[in-house]
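Survey of secondary and tertiary structure
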Amino acid sequence: MSFLDTCRIFPLNDDVLKQCQPFSCGDEDLDDFFLNNAGNYNRQLLGKSYCFRQKKELSIIVCACTLSNSSIDARNLPNNRRKKLTENIPYEKQLSSYPATLIGRLGVNKNYKGIGIGTALINFVKFWILKEDTKTGCRYLTVDAYNNELTRKYYEANGFKYLFSTERQEKEYIGLPDDKELRTRLMYFDLMLM
């Protein structure tokens, strides 16, 4: 049984935030987004945010995430990366871009870190997107993961791969000069591997 089985999922909106204790995952940028911007994202149809609240104490948000429609544009990828991305897709079905769901933000309440909730949340998202009643096709999960060792290792441990094999390739793809810091890494997970 996953810890998330002791929780209920809710849309993360202004009403829910008013009913709950302040949510903090210990990252200032993520905290600011969930507390101050998630509602605007929802209203502008840029992303839908969800949270898991404890069934026994609904005022506690255990974790939250924001999901958006996205795609992986394969046309501009280096040949070796495009081949890696599409190796399990039949040739006659190869497209110029592939449908994806972007995990725009993901955070675990700092009081619940280190007990597998982040992995349970990622697994929930993977299976939720694959449910039979999902209204649209989606081959990949994508994320712009913070470019720090802890975050990258978290996504790697949950089966995500780098869209670009090197930071230099990624900088070139997004048009970032070599002397600038790459703040995030583009990563993906192939949902057909579930």
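Residues numbered from 1 in each chain as written. Predicted model: local features only at pLDDT ≥ 70, side-chain atom pairs only at ≥ 80, totals over all residues. Heavy atoms only, no water.

**Side note on the overall build of the protein**
Using the following cut-off: Counting from the N terminus, the helices are the DSSP runs of H or I reaching at least four residues and the strands are the DSSP runs of E reaching at least two. Within these notes, the globule rule equals 2.2 Å times the number of residues to the 0.38 power, and the radius of gyration is based on C-alpha atoms. Exposed residues in this analysis have more than 50% of their type's maximum accessible area, buried residues have under 20%, and partly exposed residues fall in between, with area computed by a 1.4 Å probe over protein chains only. Throughout, a contact is declared for two residues whenever any of their heavy atoms are within 4.5 Å. The method behind every accessible area is Shrake-Rupley, applied with a 1.4 Å probe, and residues are considered shielded solely by the protein chains displayed.
For the protein, the helix and strand inventory stands at six helices and seven strands. N-terminal to C-terminal, the α/β element order of the protein is β-α-α-β-β-α-β-α-β-α-β-α-β. In terms of C-alpha radius of gyration, the protein reaches 17 Å, essentially the compact-globule figure of 16 Å for 194 residues. Each of the three principal axes of the protein carries a C-alpha extent, and together these read 50 × 45 × 35 Å. Here the protein holds 194 residues, and 43% of them are scored as buried. Relative to all contacts within the protein whose residues are 6 or more apart in sequence, the contacts with residues 24 or more apart total 73%. Carbon together with sulfur atoms contributes 49% to the accessible area of the protein, which is approximately 11400 Å² in total.

**A look at the layout of surface pockets**
Here is the rule: Points on a 1 Å grid, built from protein atoms alone, make a cavity when a 1.4 Å probe fits but cannot get out and make a pocket when they are open with protein on both sides within 12 Å along at least 5 of 7 lines; residues with an atom within 4 Å of a point are the lining residues. Grid points are joined across faces, edges and corners, and a volume is the space filled by probe spheres set on the points. Gly is placed with the polar residues, together with every amino acid not listed as nonpolar (Ala, Val, Leu, Ile, Met, Phe, Trp, Tyr, Cys and Pro) or charged (Asp, Glu, Lys and Arg).
Estimated volume of the largest pocket: approximately 790 Å³. Forming the walls of the largest pocket are 36 residues, and the residues nearest its centre are Leu30, Leu106, Thr151, Tyr154 and Tyr155. Contributing elements (two or more residues each) for the lining of the largest pocket: helix H2 (28-43), strand S3 (61-73), strand S4 (97-108), helix H4 (117-130), strand S5 (140-146) and helix H5 (149-157). Per-element tally for the lining of the largest pocket: the top contributor is S4, with seven residues. For the lining of the largest pocket, the class distribution of residues is 18 nonpolar, 13 polar and five charged. Along the walls of the second largest pocket sit 21 residues, with Asn69, Thr101, Ile129, Thr134 and Thr136 positioned nearest its centre. Every element with two or more residues in the lining of the second largest pocket is listed here: strand S2 (48-54), S3, S4 and H4. Residue contributions to the lining of the second largest pocket peak at four residues, all from S3. Its residues assigned to classes, the lining of the second largest pocket comprises nine nonpolar, eight polar and four charged.

**Points about the nonpolar core**
Put simply, the rule reads: By convention a nonpolar core is built from buried Ala, Val, Leu, Ile, Met, Phe, Trp, Tyr and Cys residues, the set being connected through side-chain atoms within 4.5 Å.
By size, the foremost hydrophobic cluster in this structure holds 28 residues, and its most contacted members are Ile103, Leu121, Leu141, Tyr155 and Phe160. Elements with a minimum of two residues in this core: S3, S4, H4, S5 and strand S7 (184-190). Here the element with the most residues in this core is H4; it accounts for six residues. Aside from chain neighbours lying at most four places away, what touches leucine 141 is Thr101, Ile103, Val125, Lys126, Ile129, Phe160, Met187, Tyr188, Phe189 and Leu191.

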